[in-house]
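So the chains spell out like this:
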Amino acid sequence: MIHIDHLTKTYGKARGVTDLTLRVPEGGCFGFIGPNGAGKSTTIRTLLGLLSPTAGAARVLGLDCVRERKKILARVGYMPSEAMFYPDMRAGEVIRLSADLRKQDCRPQAAALCEVLELDPQKRIRELSLGNRKKVSIVCAMQHRPRLYVLDEPTSGLDPLVQRAFWSELKARQNEGATVFLSSHVLYEVQRYCDRAAILREGRLVVEGTTAELDIENCFFDYYEGKVKA
């Protein structure tokens, strides 16, 4: 579903991601782990064509991330790490706008997701807490039932009950054949819900494999405490 070949993204002299090569197989849940500034969001935004790579290449759903970014954005369920919406719009209006941009009628699916996540679509964005704005972002990413979900810190700001509902819904989509690629700081979530994972450090891939092989929490701290060299 995702093919990344020697991808590099720099911001002038600042490092984003360096010489990243990675494969995300179809049908699984892939965790992308690293501390703040490791390059996770840079990688995701480059995959979706929101940033132009400095070097290397990437394909998403078989589409080139530079030349075919509009097709990628239309077909992927993308959830950014920060949920930013027009403050005076109602949550339901934002959700409908997201569907309209894809030229799809997602009203039944949107209503079902709002019920599962306990989101009131009549509330204005400025009236919503961080967690409820996150729910709007989840509905926008999931309502069109894409083949690939690209989620950047999806559960931050959500209370435990909503987190459980979110993972249950995402697992159901995965059982239908969807692929999930997500970044997270929550190591136990990656260990529990992902079947493969990669750890990024200072813009470089340091290890990748199945979550059973890696033992995510111990592996993560071994790399970042210097017990294992990249």
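Residues numbered from 1 in each chain as written. Predicted model: local features only at pLDDT ≥ 70, side-chain atom pairs only at ≥ 80, totals over all residues. Heavy atoms only, no water.

Participant: I'd like a rundown of the environment of aspartate 19, residues and numbers included.
Facilitator: Looking at the secondary structure, you find aspartate 19 in strand β2 (residues 14–24). Taking C-alpha positions, aspartate 19 is 7.7 Å from aspartate 5, a pair spaced 14 residues apart along the chain. Dropping the residues within four chain positions of it, aspartate 19 is found in contact with His6, Leu7, Thr8 and Arg204. At a separation of 2.8 Å, a polar atom in the side chain of aspartate 19 contacts the side chain of histidine 6. (Helix = DSSP H or I, 4+ residues; strand = E, 2+ residues; numbered from the N terminus. Contact = heavy atoms within 4.5 Å. Polar contact = N/O pair within 3.5 Å; in protein donor to acceptor, adjacent residues only side chain to side chain.)

Participant: I'd like to hear about helix α3 (residues 91–101), residue by residue, with values.
Facilitator: All buried positions along α3 are accounted for by Ala91, Gly92, Val94, Ile95, Ser98 and Ala99. In a view along the axis of α3, the buried residues occupy a sector of 165°, so they form one face of it. Exposed residues lying more than 90 degrees from the buried face of α3 are Asp100 and Leu101. Of the residues one or two after α3, lysine 103 is the one with positive phi, at around 55°. (Buried < 20%, exposed > 50% of the residue type's maximum accessible area, 1.4 Å probe, protein only. Arc of directions from axis to C-beta.)

Participant: Break down unusual backbone geometry for me, with residues and values.
Facilitator: Its identity as a non-glycine residue notwithstanding, histidine 6 has a phi of 50°, on the positive side. Here lysine 103, not a glycine, exhibits a phi torsion of approximately 55°, which is positive. In this structure, lysine 103 sits in the loop between α3 and α4 (107–117).

Participant: Please give an account of the environment of glutamate 169 that cites residues and values.
Facilitator: Here glutamate 169 shows up in helix α6 (residues 160–175). For the pair glutamate 169 and tyrosine 193, spaced 24 residues apart in sequence, the C-alpha to C-alpha distance is 12 Å. Once residues lying within four places of it in the same chain are set aside, the contact partners of glutamate 169 are Gln109, Leu113 and Met142. A distance of 3.0 Å separates a polar atom in the side chain of glutamate 169 from a polar atom in the side chain of arginine 173.

Participant: Run through the sheet that holds strand β7 (residues 148–152), naming residues and quoting values.
Facilitator: Pairing in this open sheet of six strands is mixed, and the strands run β6-β7-β8-β3-β9-β10 from one edge to the other. Each of the sheet's edge strands pairs with one partner strand only, and the pair in question is β6 (76–79) and β10 (204–210). The average angle at which neighbouring strand axes cross in this sheet is 15°, direction not considered. Relative to strand β9 (residues 196–201), strand β3 (residues 29–33) is paired through four bridges, and the arrangement is parallel. Bridge assignment links isoleucine 33 to a residue of β9, and that residue is isoleucine 199. Contacting β6 and β7, helix α5 (residues 130–142) runs over the sheet at an angle of about 170° to β6. The strands that α6 touches are β3, β7 and β8 (179–184); relative to β7, the one it contacts most, it runs at about 150°. (Pairing = 2+ DSSP bridges. Axes fitted to C-alpha atoms, helices over the stretch in contact; angles between N-to-C directions.)

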